[in-house]
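Working through the structure, step by step
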Amino acid sequence: MQREKELFLLVEDFEDSRFMMRKLLEMAGYKVVEASDGEQAVAVAVQQKPALILMDLSLPKLDGLAATRQIRHHRDFIGTPIVAVSAHDSPESRTEALEAGCNEYVTKPIDFDEFGKILMRLLPPRRPSNQGNAA
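Here the structure is a predicted model, which is why all the values come from computation and not from measurement.

**Structural notes on a negative patch on the surface**
Negative charge collects at one region of the surface, where Asp63, Glu92, Glu96 and Glu99 lie side by side. Since its relative accessible area comes to 36%, Asp63 is described here as partly exposed.

As structure tokens, then:
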């Protein structure tokens, strides 16, 4: 029985950073869709309904805090984990992100060992996908 891969939305405006984070997430067994600005993040989230969103806070068009607030206004995303990703490591930045609706806050460069622990806290255990089971 094959396990179903969770879909993550990776929101990052720097292409090199986005590429590296996507590769690491894919190597860990996740499917990844991407957005490079806040407006695109909201649109992709609504369309794709990811299991988790990694949200850079410094984005063009619409910053990550505003994008998070907009995503949280959709009832489909009330329980969706959103992880703020920022180069800023100040208590104020963390507080702003949590108040905007983020569940966690990680700083760049991401420590993927610590990030793995965050994922274990935020996501339900992976379950085998159903093969032809009807309800």
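Once the structure has been displayed, the description carries forward.
**Thoughts on the environment of Arg69**
Position of Arg69 among the secondary structure elements: in helix H3 (residues 64–72). Sequence separation between Arg69 and Gly101 is 32 residues; the distance between their C-alpha atoms is 6.4 Å.

**Regarding the nonpolar core**
Judged by nonpolar contacts, the single largest core of 25 residues is most densely connected at Leu9, Val11, Ile53, Met55, Ile71 and Ala97. Looking at this core, the elements with two or more residues in it are strand S1 (7–11), strand S2 (31–35), helix H2 (38–48), strand S3 (52–56), H3, strand S4 (82–86) and helix H4 (91–100). If you look at the next biggest cluster of nonpolar residues, it comprises 16 residues, including Tyr30, Val85, Val106 and Ile110.

**Things to note about the environment of Pro124**
Along the polypeptide, Pro124 turns up in the segment after helix H5 (112–122). On the basis of relative accessibility, which here comes to 54%, the residue Pro124 falls in the exposed class. Along the backbone, Pro124 and Ala51 are 73 residues apart, and their C-alpha atoms lie at a distance of 9.8 Å.

**Quick word on the packing of aromatic side chains**
The full count for this structure, using the stated rule, is 2 aromatic pairs. Aromatic pair Phe8 and Tyr30: ring centres 4.3 Å apart, planes at 20°, arrangement stacked. Linking Phe8 in strand S1 with Tyr30 in the loop between helix H1 (15–27) and S2, this pair joins segments that are 22 residues apart in sequence. Of the two residues examined, Phe8 and Tyr30, each falls in the buried class. On the numbers, 5.7 Å between centres and 75° between planes, the contact of Phe112 with Phe115 is edge-to-face. With a gap of 3 residues between them, Phe112 and Phe115 both fall in helix H5, about one helical turn apart. For Phe112, a relative accessible area of 28% translates into the label partly exposed. By relative accessible area, Phe115 is classed as buried at 2%.

About the criteria used
Residues numbered from 1 in each chain as written. Predicted model: local features only at pLDDT ≥ 70, side-chain atom pairs only at ≥ 80, totals over all residues. Heavy atoms only, no water. Patch = residues over 30% accessible without salt bridge, like charges linked within 9 Å, V, L, I, M, F, W, Y side chains within 5 Å. Areas by Shrake-Rupley, 256 points an atom, 1.4 Å probe, with all protein chains shown as cover. Salt bridge = Lys/Arg side-chain N within 4 Å of Asp/Glu carboxyl O. Lys, Arg positive; Asp, Glu negative; His and termini not counted. Charge placed at Lys NZ, Arg CZ, Asp CG, Glu CD. Buried < 20%, exposed > 50% of the residue type's maximum accessible area, 1.4 Å probe, protein only. Helix = DSSP H or I, 4+ residues; strand = E, 2+ residues; numbered from the N terminus. Core = buried A, V, L, I, M, F, W, Y, C linked by side-chain atoms within 4.5 Å. Phe/Tyr/Trp six-rings, centres within 6.5 Å; stacked < 30°, edge-to-face > 60°.

In short, geometric facts, not functional conclusions.
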